[in-house]
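An overview of the molecular structure
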Amino acid sequence: MFAAPGASHHPVPAFAAAKTPDWTSVLDELPYGLVLLGAKQELRHENAACRRLTGHGIAEQGGVEGWLSALCPDPEHREKVIQSWREEIWRNQLTRTFTLRTAAQKPKEIEFRSSLLRDGGITLTLDDVTEVRRAEESLRHGKLKFRALFTHIRAGAVLVDRTGRIIDANPAFLAMGGRTLKELRQATFSGLLHPDDALVWERMGGSDGGGEPATGEARLRMPTGERRMRWTRCPVGESPEPSTMSIQLFEPLESEALAERVKSRLRTVARKAQALLNAVPDLILLIDEDGTLADFAPPPVPWPQLVPDDSWRGRPAAEVWPVLGDLLEKCRRQVLDETRTVHAGIRGTGEGGFEFSTTFSSCGDGQILAVVRNRSDERAAREREFWQGTAFERAPLAMLRLDPQGQVVKANAAAASLLGRETGALEKGAFSSMPLPPGVAAEFLALEQEGKSRGALVFLASQPTPASRPEPVASVNERRQHGFRNQLQLVTSLFSLEPQSAAAREAFLKWQVRLRSIAQACPGDDTASVWLLPLLRNLADEVCSLAGRGPGRREVIATGDESLVVEAQTAPPFSLLVGELMRLVLAARQPGPGPGLYVDARPHPGGGFRLAVRPGANRTFVFTDREAEIETLELLVEQIQGRLEPADAGNPTKEWVLVVPRSPC
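Residues numbered from 1 in each chain as written. Predicted model: local features only at pLDDT ≥ 70, side-chain atom pairs only at ≥ 80, totals over all residues. Heavy atoms only, no water.

What follows is about the overall build of the protein. Per the secondary structure count, the protein includes 21 helices and 26 strands. Within the span of the protein, comprising 665 residues, buried residues form 36% of the whole. If you take every contact in the protein between residues at least 6 apart in sequence, the share linking residues at least 24 apart comes to 49%. When the accessible surface of the protein is summed, it comes to about 38,700 Å², and 55% of that surface belongs to carbon and sulfur atoms. (Helix = DSSP H or I, 4+ residues; strand = E, 2+ residues; numbered from the N terminus. Buried < 20%, exposed > 50% of the residue type's maximum accessible area, 1.4 Å probe, protein only. Contact = heavy atoms within 4.5 Å. Areas by Shrake-Rupley, 256 points an atom, 1.4 Å probe, with all protein chains shown as cover.)

Below you can see the structure in the form of structure tokens.
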């Protein structure tokens, strides 16, 4: 019998074992989600609150990224969330909030907060902040609505605190009283009234009055004399306690009946205007003649493509949104001088580009009203429909699209060729009554959306007989590559039998890197190319592992165009060259903050691609035998018919640029 390592030969008393706390039960009682992850993102524990919060368990989904994929049905949103998880939470332990859909398809705002453990893992706490975010959004909209009403109401309005100090005044009161806001803030509210009216104000308790508004008449002192006005005092707040502020409204005296009718109309117009602002999904901008944004009403639901905030007010449109500013400059004269309504579009570039439709119209007083509608989702839907339709039509796999009743609504060219019928003839009948040629099998994929059937996709394929069915090409290639890598592993293991001097260890590291670089350059199938960025990341993992530097994705940041490939004949010398460059930086212990190496791959204007290799902060390329190692690099560069040169000729050890041309067909 052998005891487990570290195990005691003495029995543990029963009472001592009984006192050991059940930490799993303790963590399950926490009011927030708690997840423990290892250094390679392996799941160590997730408490019950985490599973209740989302309806999905991390272990059930095969890890954190699979779990996030289940909580993000939209592919674009899923990609952004997983990218943020990798770069900001896992690598840098930042706090981020994501919009996720639970198992019940209910959207929630989940805050992710992480902290680093000594062994390289992290603790992750999850908190539902949905209601907090909604409250913040409601408060922000409330402030915007109050500011818009206070600024644009035609009655003179003054905001006064409990001591009678003037805090703010709207433009109508400034025009009415003939004073600037700076002058008003240096005076008291009672100083604006006739002494008798000021005495009434003091008897009413100043701004520290009851909760009900009061209306009367007052004589307002102006630089040119006094003017009798209708005065309304409105305490701010609904509490029965004395308010800390009040709004004082001043309107010229007029007929009581006319005033009441005007107020009634204003209330009706205000309700309709507010209902309109709340109903339309648009961004509404009020722009002065000189291009300054006087005010705006944000869309009811925030847009991810454009986020206006309070800093926009009072700034030029060309400064806060340059594209809108350029568009406004082109059509300003048509709108203001010719009073024309101008419709224009604003469209971004790229796969995730935005699209807005904009309408400019004159609204009087030399101002322009701009209504901006977000068409980004419609554009994404059009592009998605185009790519899906193109893929369906030109796919080499025979496919049919069925409606919920089983009728063929669409057939691609491959299906028409396999069935020997015209596409139009296939799209006129039910699939159940359609005869299939001998040896043709059909596989069904049900289509559902929001719990309702949307029909099905039918995949048609010819089935070979068992005697003639060849071994899958993928398994042959995988077995071949696996055997090749085993042989390389055998060769590298022989180095452990060599003398272990410093020079031998350096040679061992150098040849280990070279052999593993060759292994990574071998494609897994019979294709004529190797994906570039996966090759770079695999090389980084191998070099970091050999140099004892931990996972390659933390020490080496590989970025660039994911569609770039390396031709099969170029891949081995290219892989050897990149492995040498990584070894020159990562093999030497160079302390410094952040990653040790940055690699960026971009298409080259002349064909092929351009690879920039830059050491991290406080690090350089370190040579032990400079002449021999430079000769090795030159030999490998010549093999790929490329060129390797420093980005800065004055500092050649900080960054090198490798240009790999396109191989001739």
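We now examine the confidence of the model for the protein. Averaged over the protein, the pLDDT score is 78; the fraction of residues at 70 or greater is 83%. Residue range residues 1-19 is modelled with pLDDT below 50. Its contacts to residues more than four positions away, or to other chains, number 2 contacts. (pLDDT = per-residue confidence, 0-100.)

Attention now moves to the sheet that holds strand E3 (residues 96-101). In space, the 5 strands of this open sheet follow the order E2-E1-E5-E4-E3, with antiparallel pairing throughout. Where the open sheet ends on each side, the last strands, each with one partner, are strand E2 (43-46) and E3. On average, adjacent strands in this sheet sit at an angle of 25 degrees to one another, irrespective of strand direction. For E3 and strand E4 (residues 107-116), the ladder comprises 6 bridges, and the chain directions are antiparallel. When the sheet's bridge partners are listed, Leu-100 is paired in E4 with Lys-108. (Pairing = 2+ DSSP bridges. Axes fitted to C-alpha atoms, helices over the stretch in contact; angles between N-to-C directions.)

Overall, antiparallel pairing links the 5 strands, which are arranged E7-E6-E10-E9-E8 in an open sheet. Of all the strands in the sheet, the pair left with one neighbour each is strand E7 (166-169) and strand E8 (214-222). Mean inter-strand twist for the sheet, computed between neighbouring axes without regard to direction, equals 30 degrees. Judged from the 6 bridges that link them, strand E6 (residues 156-161) and strand E10 (residues 245-252) form a sheet pairing that is antiparallel. Counted as the bridge partner of Gly-156 is Phe-250 from E10.

Judged by nonpolar contacts, the single largest core of 41 residues is most densely connected at Leu-536, Phe-574, Met-582 and Leu-611. Per-element accounting of this core gives the leading share, 10 residues, to helix H20 (residues 571-586). The residues contacting Leu-536, other than those within four sequence positions of it, are Ala-558, Phe-574, Val-578, Met-582, Val-599 and Leu-611. One finds Leu-324, Leu-336, Ala-344 and Ala-370 within the second-largest nonpolar core, a separate group that totals 25 residues. (Core = buried A, V, L, I, M, F, W, Y, C linked by side-chain atoms within 4.5 Å.)

Take the packing of aromatic side chains next. Enumeration over the complete set of coordinates arrives at 13 aromatic pairs. Between Phe-189 and Phe-250 the ring centres are 6.0 Å apart and the planes differ by 45 degrees, which places this aromatic pair in the tilted class. Of this pair, Phe-189 sits in the loop between helix H8 (181-185) and helix H9 (195-203) while Phe-250 sits in strand E10; the two residues are 61 residues apart in sequence, bridging distant segments of the chain. Taking the relative accessible area as the measure of exposure, Phe-189 reaches 0% and is therefore buried. (Phe/Tyr/Trp six-rings, centres within 6.5 Å; stacked < 30°, edge-to-face > 60°.)

With that settled, consider the packing of H20 against helix H21 (residues 626-639). Closest axis-to-axis distance for the H20/H21 pair is 8 Å, and the angle between their directions is 150 degrees. With respect to H21, the axis of H20 lies roughly antiparallel. The element H20 and its partner H21 pack so that their crossing is left-handed. Mapping the contact onto sequence places Pro-573, Leu-576, Leu-577, Glu-580, Leu-581, Arg-583 and Leu-584 in H20 and Glu-629, Thr-632, Leu-633, Leu-636, Val-637 and Gln-639 in H21. Considered class by class, the residues forming the contact of H20 with H21 number 8 nonpolar, 2 polar and 3 charged. (Parallel < 35°, antiparallel > 145°, perpendicular 65-115°, else oblique. Left-handed = near helix turned anticlockwise from the far one by under 90°. Nonpolar A, V, L, I, M, F, W, Y, C, P; charged D, E, K, R; others polar.)

Attention shifts here to the pairing of strand E14 (residues 355-362). Pairing between strand E13 (residues 342-347) and E14: 6 bridges, direction antiparallel. Of the residues in E14, the one forming a bridge with Ala-344 is Thr-358. Judged from the 7 bridges that link them, E14 and strand E15 (residues 368-374) form a sheet pairing that is antiparallel. Counted as the bridge partner of Phe-360 is Ala-370 from E15. Between E14 and E15, which follow one another and run antiparallel, lie 5 residues, and Gly-364 among them has a positive phi close to 85 degrees.

Turning next to unusual backbone geometry. Positive phi, normally seen in glycine, also occurs at Asn-618, with a value near 65 degrees. Among the structural elements, Asn-618 can be located in the loop between strand E24 (609-615) and H21. Note on Asn-618: relative accessible area 62%, which makes it exposed. The backbone of Gln-641 sits at a positive phi, close to 55 degrees, despite the residue not being glycine. Take Gln-641: it is sitting in the loop between H21 and strand E25 (643-646). The exposed category is assigned to Gln-641, whose relative accessible area is 62%.

Here we take up the pattern of salt bridges. In the structure shown here, the tally under the stated rule is 26 salt bridges. The salt bridge partner of Asp-128 is Lys-108, with a shortest N-O separation of 3.9 Å. Taken together, the residues Asp-128 in strand E5 (residues 122-128) and Lys-108 in strand E4 connect sequence positions 20 residues apart. Residue class for Lys-108 comes out buried when judged on its relative accessible area of 16%. As a salt-bridge pair, Arg-333 and Glu-289 come within 3.7 Å of each other at their nearest N and O atoms. Pair noted here: Arg-333 is in helix H12 (residues 322-336) and Glu-289 is in the loop between strand E11 (282-287) and strand E12 (293-297), with a separation of 44 residues, a long-range link. Residue classification places Arg-333 among the partly exposed positions, given a relative accessible area of 41%. The class of Glu-289 is partly exposed, set by a relative accessible area of 43%. Within this structure, Arg-514, Glu-580, Arg-583 and Glu-629 form a network of salt bridges that share partners. (Salt bridge = Lys/Arg side-chain N within 4 Å of Asp/Glu carboxyl O.)

Before going further, it helps to spend a moment on H21. Note: α-helices contain 3.6 residues per turn, so residues at a spacing of three or four share the same orientation. Across its 14 residues, H21 extends 20 Å between first and last C-alpha, which sits within 8% of the 20 Å expected from 1.5 Å per residue. Inspection of H21 places Glu-629, Leu-633, Leu-636 and Val-637 among the buried residues, and these make up the whole buried set. The arc enclosing the buried residues of H21, seen along the axis, measures out at 105 degrees, which places them on a common side. In this structure, H21 carries Glu-627, Glu-631, Glu-634, Glu-638 and Gln-639 as exposed residues pointing more than 90 degrees from its buried face. Just downstream of H21 lies Gln-641, where phi reads positive at about 55 degrees. (Expected span 1.5 Å × (residues − 1). Arc of directions from axis to C-beta.)

A separate point is a negative patch on the surface. A grouping of Glu-506, Asp-625, Glu-627, Glu-631 and Glu-634 is seen on the molecular surface, where their side chains present a negatively charged patch. The dominant element in the negative patch, judged by the number of residues it contributes, is H21, at 3 residues. Mapped onto the elements of the fold, Asp-625 is located in the loop between E24 and H21. Judged by its relative accessible area of 43%, Asp-625 falls in the partly exposed class. (Patch = residues over 30% accessible without salt bridge, like charges linked within 9 Å, V, L, I, M, F, W, Y side chains within 5 Å. Lys, Arg positive; Asp, Glu negative; His and termini not counted. Charge placed at Lys NZ, Arg CZ, Asp CG, Glu CD.)

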